[in-house]
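# Analysis of the macromolecular model
What follows is each chain in one-letter form.
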Amino acid sequence: MDKIAISLIVNGRPVSAYVSPNTTLLTFLRGELQLTGTKNGCAQGHCGTCTVIVDGEAVRSCLLKMSRLNGKRVETIEGLSRGDELHPIQQSFVNCGAVQCGFCTPGMIMSAKALLDRCPDPTEEEIKQALARNLCRCTGYVKIIEAVQEAARMLRGEKKPAGIELPPDSRVVGRPVPRIDAIPKVKGETKYADDLTIDHVLYARALRSQYPHAEIISIDTREAERVPGVVAVLTAKDVPGRNAFGLLIPDQPVLADKKVRYVGDALALVLAESQTVAEAALERTKVEYRPLEVVSTPQRALEPDAPLIHESGNVLAHIKVRKGDVAKGFAQADVIVEQAYFTPFIDHAYLEPEAGLAAPNEDGGVTIWVGSQGPGDDRRQVAASLALPEEKVRIIHLPTGGAFGGREDVTVQILCALGALHTKRPVKMVFSRLESLRVRIKRHAEYLRYKTGMTRDGKLVAAEVEIIGDTGAYASAGEAVLFRSAEFACGPYVIPNVKVDAYAVYTNNVPCGAMRGFGCPEPAFASEAHMDLIARRLGMDPLNLRQINALDVGRATITGDRLEHGVGLRETISRVQEALTTTSIQAEPGKKVGVGIACAYKNVGLGSGMEDAGGAIIELTDEGRVLLRVGAVDLGQGSDTVLAQIAAQTIGMGYDHMIVQAGDTKEAPEGGMTTASRQTFVAGNAVLRAAERFKEQLVSFVADEFQLDPSRIIIQGGHFIDQGEGRLLLSWKDLSALAQTRGWRLRAEHRYVAPQTYPLPESADLPVGGDPEKYRLHFSYCFATHVAIVAVDESSGEVEVMKVIAAHDAGKVINPHGAEGQIEGGVVMGMGYALSEEFKLDNGRVITDTLAKCRLPTIRQTPEITPILVEDYHPFGPYGAKGMGELAVAPAAPAIINAIYDAVGVRITELPATKEKIRQALNPKVEVV
Ligand code: FES
């Protein structure tokens, strides 16, 4: 198509362009003008990350063609601040803790600006209306609404547009200091993988399988190789090392050559001068298949005549929990309740699609820039497939637009690196949203069957649970996820007689692995809905039933783990009970209000006898700042900030002097996967101890300089004080100048290993004289209780979650804003799990092929959320902290489902509780389409 000349104003500057009329404004801004603050989350107008303002209107730039922009005025995030001075909306996003991964932030801010430009004093409803097309997967939107309200006050002159003042004494632990990475994120300056540019780059695209299950007869790349601009088309024969990868079991081919097991399998990799050329070449790559029966359910996979998906069999793992004697337990029960439940596949739906860049190194190795949950695990897998020693593979972790477990597995890493080594050129690979949905792991679909016995006064005496998890085509972390489902199958309660069998079963569906909660939200839904059934059957208050059976110090979990400390479960129950007494919500006409309760708990750390370790290095930079290098990566949840707070307070220096470098396998110590809510505890302890050593070095240096005994010197607010005479010896600035003059290299390092844990015992019963320590499956747990208040429209079946009270025991809270943000984000993710989200497949083929079809909650559905922080300190946690990033998802869904029952008497046992299901249950005679 002929190009056209366009003139427009971008951020106040005239811009002339000669472009194809179909070029989108998003492509033009990012590609031609390098304004990468405007993000590409889906390119289909569903996520809002590409929002800019055109002639005063917030628009999604991915949908707007350049042919419509002649003479228009365009504002992007880059045009808002004036140097260091943030626009009031940007400042309020920083102050209110409205930023997590930051990928949605520029789009949110632009939508907010368009609103506040035309409506200086919006109502909450108007804010929700204006931001309704901007998704956020991290925050739960609560702090975003608060930020827009604060910005409006600043812009109306009712509040000074200033940042939060940091405490002068460096005591930042427990304070809501702004995130360390918030300012570049609100300015649109943070570079995610797709924002990187490099000379001579090639673009990689993978050919994906046409069938969910088939033998590969042949792959013909000759025609594709002839497309002008194609540099290479690689197949399995070009993989120099192990043609397989996987977190725990390497069972997934890098490039399949014999068999495909799901529609996301890659068969060929095209490397081309542009994305368009790469796509054209994909269409010319010919594959001949012999289709096989598609195993689309675990039930079929378990049948004796089912085709084998892997030669090892269709059962990846069978996990057993055994405690007491269930037959005896049921014999003692006055009441037995049985029910089956189902939870669907869920997509992580983080807003930054998978992307990475790899470049060959001079030593024959490769460097990969990628947002990753476990750079060390990535390196191990890349090295194995490329037949390189691990030290020749460098992973540089980048800011990441959300992860929630979905970036534990490699996606683009091996393919980019393979392309870079093969062509000796840098290679970039970016998944489209469709590719992300089709290829990347999901939350398991689980079939759960419960039988529980209790006495008439509410004591649980026996539980028998069977869980069948659809783990999809490859192992990923499936075994570990079903392990968690098994160990948390009965909720945070004491039950003397338990039998749990959990199976991870291969199918030809998209592989399943880690997702926030890691196998806990599935049984949390089932077991807490079941607890509600039990309470109804017994005619008991559901909170009371939970208090009677709650885990506590000295009581053992169903795996025999006798809890020694940090068990705030009962307090979370009491605190929501207290908050509930002061809450009153009226139903609108035609709606019925219901209240639902759920508790949950979750491990902190890997547990099960695995070594759980992480390192930290702290050093003084030439500029007088403190550089903290850690292996633990921040995926948006805020670990960089928490670790900087721990370091700043421990050393006694200003938080604003901290720089964090996380997840560079060459420069930072190994930190392990960011998973299992472990980094506050594990990396936090590594930082704490490295900071203590660093402080000792500083003090001894200053003591030497001033000929004083080190015991006389304290560091306070970044100042060195002789406490004997109360005199100021040195400021932080003076120290770095002096250190340079004297040639001192101030550097401290620590590798922390968490307390020992043990594997799941065959029997959870402690024998007489047995050592309870040997039953310690985890060194710490976090606990939560949620109350949901819903209004159900009896005619439509529509559910409105009006309020959620969420009490969490996470030990000492290092950053209250961050902790609240995790709770609010988790509650809204749990609300999506309860009411709308489902990743659908039909006989192995993806039905949920757009972000819109994932049915994520929008800002319009955000309920009032009251986070309550219960701080039951852990004696070995840094400042008493435990961890909490995942748990909030787990109790949110069952609390909502129980509230629906309370409102209208409909018991939903298969998630999600869509309005169609509820309407059908309310009036079974009505046909629902
Ligand atoms: Fe909104 Fe991550 S902060 S998507």
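Okay, so let's go over this structure. The residue count restarts for each chain, going from 1 along the sequence in the order it is written. Whole-chain, interface and lining totals are the exception, using all residues; otherwise, since this is a predicted model, local features are given only for residues with pLDDT of at least 70 and side-chain atom pairs are given and counted only at 80 or more. Only hydrogens and water are set aside; all other atoms, that is, all heavy atoms of the structure, feed into the side-chain values.

## Comments concerning the sheet that holds strand E5 (residues 73-75)
- Strands sit in the order E2-E1-E5-E3-E4 across an open sheet of 5 strands; the sheet is mixed. Taken across any chain shown, the strands that pair with only one partner, and hence form the sheet edges, are strand E2 (13-19) and strand E4 (57-60). Each strand of the sheet is rotated relative to its neighbour by a mean of 40°, with strand direction disregarded.
- Inspection of the sheet shows strand E3 (residues 51-54) paired to E5 by 2 bridges, in the antiparallel sense. Considered in E5, the bridge of Val54 is made with Val74. Strand pairing is assigned whenever DSSP identifies at least 2 bridges connecting the two strands. Counting from the N terminus, the helices are the DSSP runs of H or I reaching at least four residues and the strands are the DSSP runs of E reaching at least two. Every axis corresponds to a line fitted to the C-alpha atoms, with the helix fit spanning only the stretch in contact, and the corresponding angles, defined between N-to-C directions, vary from 0 to 180 degrees.

## Some words on the pairing of strand E23 (residues 626-630)
- Counting buried positions along E23 gives 5 out of 5 residues, so the element sits mostly inside the fold.
- Of the two faces of E23, both are covered, the one formed by Val626, Leu628 and Val630 as well as the one formed by Leu627 and Arg629.
- Pairing geometry for strand E22 (residues 613-620) and E23, over 5 bridges, is antiparallel. The residue of E23 that forms the bridge with Ala616 is Val630.
- Linking E22 back to E23 in an antiparallel pair, the connection comprises 5 residues, with Gly624 at a positive phi of about 85°.
- With 5 bridges connecting them, E23 and strand E24 (residues 658-662) associate as parallel partners. Paired with Arg629 across the strands is Gln661, a residue of E24.
- Viewed along the sheet, the connection from E23 through helix H18 (residues 639-651) into E24 turns out right-handed. Burial status follows relative accessibility: with a 1.4 Å probe on protein chains alone, a residue under 20% of its type maximum counts as buried, one over 50% as exposed, and anything between as partly exposed. By the criterion used throughout, a crossover qualifies as right-handed when its path from the first strand across the helix to the second strand runs clockwise, the strands pointing away from the viewer.

## Some details on the pattern of salt bridges
- Salt-bridge detection follows one rule: a side-chain nitrogen of Lys or Arg within 4 Å of a carboxyl oxygen of Asp or Glu. Inspection of the entire model under this criterion finds 69 salt bridges.
- Two residues, Lys128 and Glu124, come together in a salt bridge whose shortest N-O distance is 3.6 Å. Taken together, the positions of Lys128 and Glu124, both in helix H4 (residues 124-130) and 4 residues apart, correspond to about one turn of that helix.
- Given the relative accessible area of 40%, Glu124 is considered partly exposed.
- The shortest N-O distance in the salt bridge between Arg425 and Glu273 comes to 2.9 Å. Taken together, the positions of Arg425 in the loop between helix H12 (413-423) and strand E17 (427-430) and Glu273 in the loop between strand E10 (266-272) and helix H8 (275-283) put the pair 152 residues apart, joining distant regions of the chain.
- What emerges from the salt-bridge pattern is a single network uniting Arg30, Lys39, Asp194, Asp195 and Lys428.

## Quick look at the nonpolar core
- To define a nonpolar core, start from buried Ala, Val, Leu, Ile, Met, Phe, Trp, Tyr and Cys residues and group those joined through side-chain atoms within 4.5 Å. Counting residues in hydrophobic clusters, the biggest one holds 205 residues, and the most contacted among them are Phe93, Leu255 and Ile900.
- Excluding its chain neighbours within four sequence positions, the residues that come into contact with Phe93 are Ala98, Val99, Thr105, Met108, Ile109, Ile144, Ala147, Val148 and Val186.
- Residues Met658, Leu688, Ala690 and Ala890 belong to the second largest nonpolar core, which totals 60 residues. Here, residues are in contact when the closest pair of their heavy atoms is within 4.5 Å.

## Points about the layout of surface pockets
- Each cavity reported here is a set of points on a 1 Å grid over the protein atoms alone in which a 1.4 Å probe fits but cannot get out, each pocket an open set with protein on both sides within 12 Å along at least five of seven lines, and each lining residue one with an atom within 4 Å of a point. Grid points are joined across faces, edges and corners, and a volume is the space filled by probe spheres set on the points. Volume-wise, the largest pocket comes out at about 1,200 Å³.
- Lining the largest pocket are 38 residues, and of these Thr27, Asn40, Asp194, Tyr203 and Gln275 lie nearest its centre.
- Counting residues per element, the lining of the largest pocket draws most heavily on helix H1 (residues 25-32), at 6 residues.
- In terms of residue class, the lining of the largest pocket is made up of 15 nonpolar, 14 polar and 9 charged.
- In this model, the second largest pocket occupies a volume close to 1,000 Å³.
- If you trace the second largest pocket, you find 40 residues lining it, with Met831, Thr858, Arg860, Gln861 and Thr862 closest to the centre.
- Looking at the lining of the second largest pocket, the elements with two or more residues in it are H4, helix H5 (142-155), strand E29 (780-793), strand E30 (799-809), helix H21 (816-835), strand E33 (864-870) and helix H23 (915-922).
- Three classes are used, and their members are as follows: Ala, Val, Leu, Ile, Met, Phe, Trp, Tyr, Cys and Pro are nonpolar, Asp, Glu, Lys and Arg are charged, and the others, Gly among them, are polar. Here the residues of the lining of the second largest pocket sort into 17 nonpolar, 9 polar and 14 charged.

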